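The chain contents come next:
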Amino acid sequence: MPKNETRNTKEVIMNLALEQFTKHGFERTGIRDIAKVIGIRESAIYKHFGSKQEIFNSILKNIEQRYEKEMANFELSESMKESIEKSDSRADLFLMCTKMFEFYLKSEYG
């Protein structure tokens, strides 16, 4: 299998595992359940991930990377900058929290 196909398989596993974890919880979702939803054998999952925990850790890492990318593109509007200059660091914290909340609220993956 070419390298890009391997990456796509890993992404499919992660995306569908995330759906199963969301619907049924981490503890109640097994590798067998994930494989069934994808339509592959359990051994195919183990080719890409050593365990269910490794899948979960990869999902969390992916969310973190997406979040960091989103934050890297975050720019304050002029009115926000002026507001921060006139106030204290609590405004900075509020804006950061608002942006984090928006990421998890609006991002399908988050």
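Scroll up to find the structure this text is about.
We now turn to the structure provided with this report. (Residues numbered from 1 in each chain as written. Predicted model: local features only at pLDDT ≥ 70, side-chain atom pairs only at ≥ 80, totals over all residues. Heavy atoms only, no water.)

**A few points about the overall build of the protein chain**
Okay, step 1: Each helix and strand counted, the protein chain has six helices and zero strands in total.
Okay, step 2: Helices and strands appear in the protein chain in the N-to-C order α-α-α-α-α-α.
Okay, step 3: Sorting the 110 residues of the protein chain into buried and exposed places 22% on the buried side.
Okay, step 4: At a minimum sequence separation of 6, the contacts of the protein chain that also span at least 24 residues come to 56%.
Okay, step 5: Element-wise, carbon and sulfur atoms account for 52% of the exposed surface of the protein chain, whose accessible area totals about 8,200 Å². (Helix = DSSP H or I, 4+ residues; strand = E, 2+ residues; numbered from the N terminus. Buried < 20%, exposed > 50% of the residue type's maximum accessible area, 1.4 Å probe, protein only. Contact = heavy atoms within 4.5 Å. Areas by Shrake-Rupley, 256 points an atom, 1.4 Å probe, with all protein chains shown as cover.)

**A look at the nonpolar core**
Okay, step 1: Grouped together as the largest cluster of nonpolar side chains are 14 residues, with contacts concentrated most on Ala-17, Phe-21, Ile-34, Ile-45, Ile-55 and Ile-59.
Okay, step 2: Of all the secondary-structure elements, those providing two or more residues to this core are α1 (3–24), α2 (31–38) and α4 (52–72).
Okay, step 3: Beyond its immediate chain neighbours, meaning those up to four positions away, Ile-45 contacts Ile-13, Ile-31, Ile-34, Ala-35, Ile-40 and Ile-55. (Core = buried A, V, L, I, M, F, W, Y, C linked by side-chain atoms within 4.5 Å.)

**Some details on α2**
Okay, step 1: Burial in α2 covers these residues: Ile-31, Ile-34 and Ala-35. Looking straight down α2, one finds its buried side chains confined to an arc of 100 degrees; they lie on one side. Turned more than 90 degrees away from the buried face of α2 sit Arg-32 and Lys-36, all of them exposed.
Okay, step 2: Following α2 by one or two positions, Gly-39 has its phi on the positive side, about 90 degrees. (Arc of directions from axis to C-beta.)

**Regarding a nonpolar patch on the surface**
Okay, step 1: A contiguous nonpolar surface patch, about 360 Å² in accessible area, is contributed by Leu-93, Met-96, Met-100 and Tyr-104.
Okay, step 2: Secondary-structure assignment places Met-100 in helix α6 (residues 89–106). (Patch = residues over 30% accessible without salt bridge, like charges linked within 9 Å, V, L, I, M, F, W, Y side chains within 5 Å. Salt bridge = Lys/Arg side-chain N within 4 Å of Asp/Glu carboxyl O.)

**What about the environment of Phe-26?**
Okay, step 1: Following the sequence through the fold, Phe-26 ends up in the loop between α1 and α2.
Okay, step 2: Judged by relative accessible area, Phe-26 falls into the partly exposed class, the value being 22%.
Okay, step 3: Those residues within four positions of Phe-26 in sequence are excluded, and the remaining contacts are Phe-21, Lys-52, Gln-53 and Phe-56.

**Let's talk about the packing of aromatic side chains**
Okay, step 1: In this structure the tally under the stated criterion is three aromatic pairs.
Okay, step 2: A connected cluster of aromatic rings, assembled from ring pairs, spans Phe-21, Phe-26 and Phe-56.
Okay, step 3: Here the guanidinium or amino end of Lys-52 rests over the ring plane of Phe-26, the centre of that ring lying 4.2 Å away. (Phe/Tyr/Trp six-rings, centres within 6.5 Å; stacked < 30°, edge-to-face > 60°. Lys NZ or Arg CZ within 6 Å of the ring centre and 35° of its normal.)

**Focus on α4**
Okay, step 1: Taking 1.5 Å per residue as the helical rise, α4 with its 21 residues ought to reach 30 Å, and the 30 Å between its terminal C-alpha atoms agrees with that figure.
Okay, step 2: Of all the residues in α4, the buried ones are Lys-52, Ile-55, Ile-59, Asn-62, Ile-63 and Tyr-67. All buried residues of α4 project into a common sector of 135 degrees when viewed along the axis, lining one side. Turned more than 90 degrees away from the buried face of α4 sit Lys-61, Lys-69 and Ala-72, all of them exposed. (Expected span 1.5 Å × (residues − 1).)

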